[in-house]
Amino acid sequence: MADDLAAVQEACFPTLSPSERIRAEHYRTHVRVFPEGQHAVIENATGRVVAASTDFRTNIDFHRYQHRYIDAVDGNWLGTHDPDGRWLYSADIGVHPDFRGRGLATLLFAAQHDLIRRLGLAGHVAGAMPRGYPSHRHRMAIEAYVAAVVRGEIDDPTLSVHLHRGYHVYGIIPDYVEDPSSANYGVLVVWRNLDPK
Ligand SMILES: CC(C)(COP(=O)(O)OP(=O)(O)OC[C@H]1O[C@@H](n2cnc3c(N)ncnc32)[C@H](O)[C@@H]1OP(=O)(O)O)[C@@H](O)C(=O)NCCC(=O)NCCS
């Protein structure tokens, strides 16, 4: 389903630099590198691919967490996957715009958390793209924006989804991606497995 996954990716990240978007050839590689970390949602009635997520295992140095998305994922080839890595890294989660607000991302998060528990990993990290920030940036710094989202005063279309599912903000990453929809920011969020091995 690599071509269908690439179409979902394009629909979900229309303003992301094409050089950072996951393409069909990347998806074909992901299932060879780490099959357990690749999830997709398919509509039963039509067989249409409507949502997907890409994850790999890695170790995280939380003292040096600043990084660029494209480096973390080895140019989307997942050459950075470490079979002994203690953390699951969320390279991507996307639900086709026609299928949002029906709990599909929640379903994908549940599958990822099940995988983390099964493998006994420490938890999940993600660079959430604060997509609501560009419309607030004229009046507040990113730090104030993220703090307001954490307090629940502002609802961010991606960061709030993570926070409502047990993730905590670890830090802010400038130049995480090339995408004006998040002013290039990523917010490092962490979900901890309470029973790691
Ligand atoms: C972020 C994203 C994955 C969420 O997917 P989703 O399947 O719509 O999410 P869910 O239905 O599981 O619900 C998540 C929350 O968003 C709300 N929501 C999402 N889309 C909605 C819509 N169209 N209408 C109403 N509510 C909506 C849900 O009510 C829910 O709220 P809650 O957190 O208070 O429970 C999806 O919006 C997306 O693909 N965005 C573009 C790609 C992206 O930015 N990915 C994340 C990169 S870090």
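Structure's up top.
Residues numbered from 1 in each chain as written. Predicted model: local features only at pLDDT ≥ 70, side-chain atom pairs only at ≥ 80, totals over all residues. Heavy atoms only, no water.

### Concerning the pairing of strand β2 (residues 49-58)
(1) Moving on: Most of β2 sits inside the fold, with 10 of its 10 residues counted as buried.
(2) Moving on: By the bridge criterion, 5 bridges tie strand β1 (residues 38-42) to β2 in an arrangement that is antiparallel. Pairing of Ala40 across the sheet is with Ala52, part of β2.
(3) Moving on: In the sheet, β2 pairs with strand β3 (residues 87-95) via 8 bridges, with the strands oriented antiparallel. What sits directly across from Thr54, in β3, is Asp92. (Buried < 20%, exposed > 50% of the residue type's maximum accessible area, 1.4 Å probe, protein only. Helix = DSSP H or I, 4+ residues; strand = E, 2+ residues; numbered from the N terminus. Pairing = 2+ DSSP bridges.)

### With respect to the site of the ligand
(1) Moving on: Around the ligand, 21 residues are found, and the nearest of them are Val95, Gly103, Thr106, Arg131 and His164.
(2) Moving on: One nitrogen or oxygen atom from the main chain of Gly103 is found 2.7 Å from an oxygen atom belonging to the ligand.
(3) Moving on: Relative to its unbound accessible surface of 920 Å², the ligand loses 68% to contact with the protein.
(4) Moving on: Looking at the shell around the ligand, the elements that each hand over two or more residues are β3, α4 (104-119) and β4 (123-128). (Near = heavy atom within 4 Å. Polar contact = N/O pair within 3.5 Å; in protein donor to acceptor, adjacent residues only side chain to side chain. Areas by Shrake-Rupley, 256 points an atom, 1.4 Å probe, with all protein chains shown as cover.)

### Points about the packing of aromatic side chains
(1) Moving on: Taken as a whole and judged by the stated rule, the model has 8 aromatic pairs.
(2) Moving on: Between the aromatic rings of Phe62 and Trp87, the centroid separation amounts to 5.2 Å while the plane-to-plane angle is 70 degrees, which identifies the pairing as edge-to-face. Taken as a pair, Phe62 in the loop between β2 and α3 (69-72) and Trp87 in strand β3 lie far apart in primary sequence, 25 residues in all. Pair check on accessibility: Phe62 and Trp87 agree, each one buried. (Phe/Tyr/Trp six-rings, centres within 6.5 Å; stacked < 30°, edge-to-face > 60°.)

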